[in-house]
Amino acid sequence: GSSRCIDRSNRAALGSGRPSDAMKAVVAILLVLATSGSASLLHRRDTPQEQRLDMEYRAEDSFGNTALTPACAKVECGEYSCPSPFELKKDATCCGYCWAPDHLVAADRHVVTAFNATGNVIEQCEEAPSTCKGPGANVVRCFKPSCRNGDVPNCSPGSCCPM
């Protein structure tokens, strides 16, 4: 086989195996640039306001525990009760809700009835803008308002229906 040995007489031509002065200079320059860039990041000082905001909005403390306030921590739930057959459920909600299975409380599946079958539809205000009148099926429908005793429905300027 062929020999892969280097003749000692040619060693000077191939280099001594030690880094050259030019190589040392390049490495030194790169080290200076790298440390000066990272040093400026390490010495950056946040303003007191930035430090306060960092503490206020951080997701974890220095031990890795959550620093976020639980979603429902500041929610104040009032007292309420659920009429039968409903029961209070609190699964993954702040205050809970009244719930009953479908076989005890049927879903509302009413169908559309004839126009004004309930008698609660009333006329629009006389001064109603043209946008209340349509076009086509987009006409605004007004319904009888529930006024307190002694109050009467009133048409405000620019409104479609009396309130």
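Everything that follows concerns the structure shown earlier in this document.
All values reported here derive from a predicted model rather than from experimental measurement.

**Q** Sorry, what's going on with the overall build of the protein chain here?
**A** Secondary structure assignment for the protein chain yields three helices and four strands. Moving toward the C terminus, one meets the helices and strands of the protein chain in the order α-α-α-β-β-β-β. In the protein chain, which comprises 163 residues, the share counted as buried stands at 9%. Carbon together with sulfur atoms contributes 56% to the accessible area of the protein chain, which is approximately 14600 Å² in total.

**Q** I would appreciate a short explanation of unusual backbone geometry in the present structure.
**A** For the bond from Ser84 to Pro85, the omega torsion is 10°, close enough to zero to count as cis. Within the secondary structure, Pro85 is located in the loop between helix 3 (48–57) and strand 1 (87–89). We note that Ala92 has phi near 60°; this positive angle belongs to a residue other than glycine. Here Ala92 shows up in the loop between strand 1 and strand 2 (97–99).

**Q** I'm lost on the layout of surface pockets in this one. Help?
**A** Vacant regions in the atomic arrangement are exposed by a probe of water-molecule size rolled over the atoms. Estimates place the volume of the largest pocket at around 160 Å³. Lining the largest pocket are Val112, Thr113, Ala114, Phe115, Asn116, Ala117, Thr118, Val121, Arg141 and Phe143.

**Q** Would you take a moment to explain the packing of aromatic side chains for this structure?
**A** A ring pair, where both rings are aromatic, is described by two values, the distance of the centres and the angle of the planes. Following the criterion strictly, the structure yields zero aromatic pairs and no others. Its guanidinium or amino end placed over the ring of Trp99, Lys89 lies 4.4 Å from that ring's centre, counting from NZ or CZ.

**Q** What is the right way to read the state of the cysteines from this model?
**A** Two cysteines form a disulfide when their sulfur atoms are joined by a covalent bond. Counted under the stated rule, the structure contains six disulfides. The side chain of Cys77 participates in a disulfide bridge whose partner is Cys95; the two sulfur atoms lie 1.8 Å from each other. Across the disulfide from Cys77 to Cys95, rotation about the S-S bond amounts to roughly -80°, and the bridge is consequently left-handed. Taken together, the residues span a long stretch of sequence, with Cys77 in the loop between helix 3 and strand 1 and Cys95 in the loop between strand 1 and strand 2 at a distance of 18 residues.

**Q** Please clarify how the pattern of salt bridges should be interpreted in this entry.
**A** If the charged atoms of two oppositely charged side chains come close together, the side chains can form a pair. Counted by the stated rule, this structure contains one salt bridge. Where Asp151 meets Arg148, a salt bridge forms, and the shortest distance between an N and an O atom there is 3.1 Å. Taking relative accessible area as the criterion, Arg148 reaches 65% and is therefore assigned exposed.

**Q** Would you take a moment to explain the environment of Gly158 for this structure?
**A** Following the sequence through the fold, Gly158 ends up in the segment after strand 4 (142–143). For the pair formed by Gly158 and Ala128, sequence separation is 30 residues and the distance between their alpha carbons is 6.0 Å.

**Q** In this structure, what is going on with a nonpolar patch on the surface? I would like to understand it.
**A** A surface patch of nonpolar side chains, about 400 Å² in accessible area, is lined by Val26, Ile29, Leu30 and Leu33. Tracing the chain through its elements places Val26 in helix 2 (residues 21–42).

What counts as what
- Position numbers for residues count from 1 along each chain, tracking the sequence in the order it is written.
- Reporting of local features is limited, given that this is a predicted model, to residues whose pLDDT is at least 70; pairs of side-chain atoms are given and counted only at 80 or more, and all residues count toward the totals for whole chains, interfaces and linings.
- Values reported for side chains reflect all heavy atoms of the structure, with hydrogen atoms and water molecules removed beforehand.
- Only DSSP runs of H or I with at least four residues qualify as helices, and only runs of E with at least two residues qualify as strands; both kinds are numbered from the N terminus onward.
- The rule is simple: take the accessible area with a 1.4 Å probe, protein chains only, and divide by the maximum for that residue type; under 20% is buried, over 50% is exposed, in between is partly exposed.
- Note on areas: these come from Shrake-Rupley sampling with a 1.4 Å probe, and a residue is covered only by the protein chains present in the view.
- Put simply, the grid is 1 Å and covers the protein atoms alone, a cavity is a trapped set of points that fit a 1.4 Å probe, a pocket is an open set with protein on both sides within 12 Å along at least five of seven lines, and lining residues have an atom within 4 Å of a point.
- Grid points are joined across faces, edges and corners, and a volume is the space filled by probe spheres set on the points.
- Side-chain rings of Phe, Tyr and Trp (the six-membered ring for Trp) are treated as a pair once their centres are within 6.5 Å; stacked means planes under 30 degrees apart, edge-to-face means over 60, and tilted covers the remaining angles.
- As a reminder, the over-ring test applies to NZ of lysine and CZ of arginine, requiring each to be within 6 Å of the ring centre and within 35 degrees of the ring normal.
- To count as a disulfide, a pair of cysteine sulfur atoms needs to be within 2.5 Å.
- For this analysis, a salt bridge means a side-chain nitrogen from Lys or Arg found within 4 Å of a carboxyl oxygen belonging to Asp or Glu.
- Within this analysis, patches are made of residues with over 30% relative accessible area and no salt bridge. Like charges are joined at 9 Å or less; nonpolar side chains (Val, Leu, Ile, Met, Phe, Trp, Tyr) at 5 Å or less.

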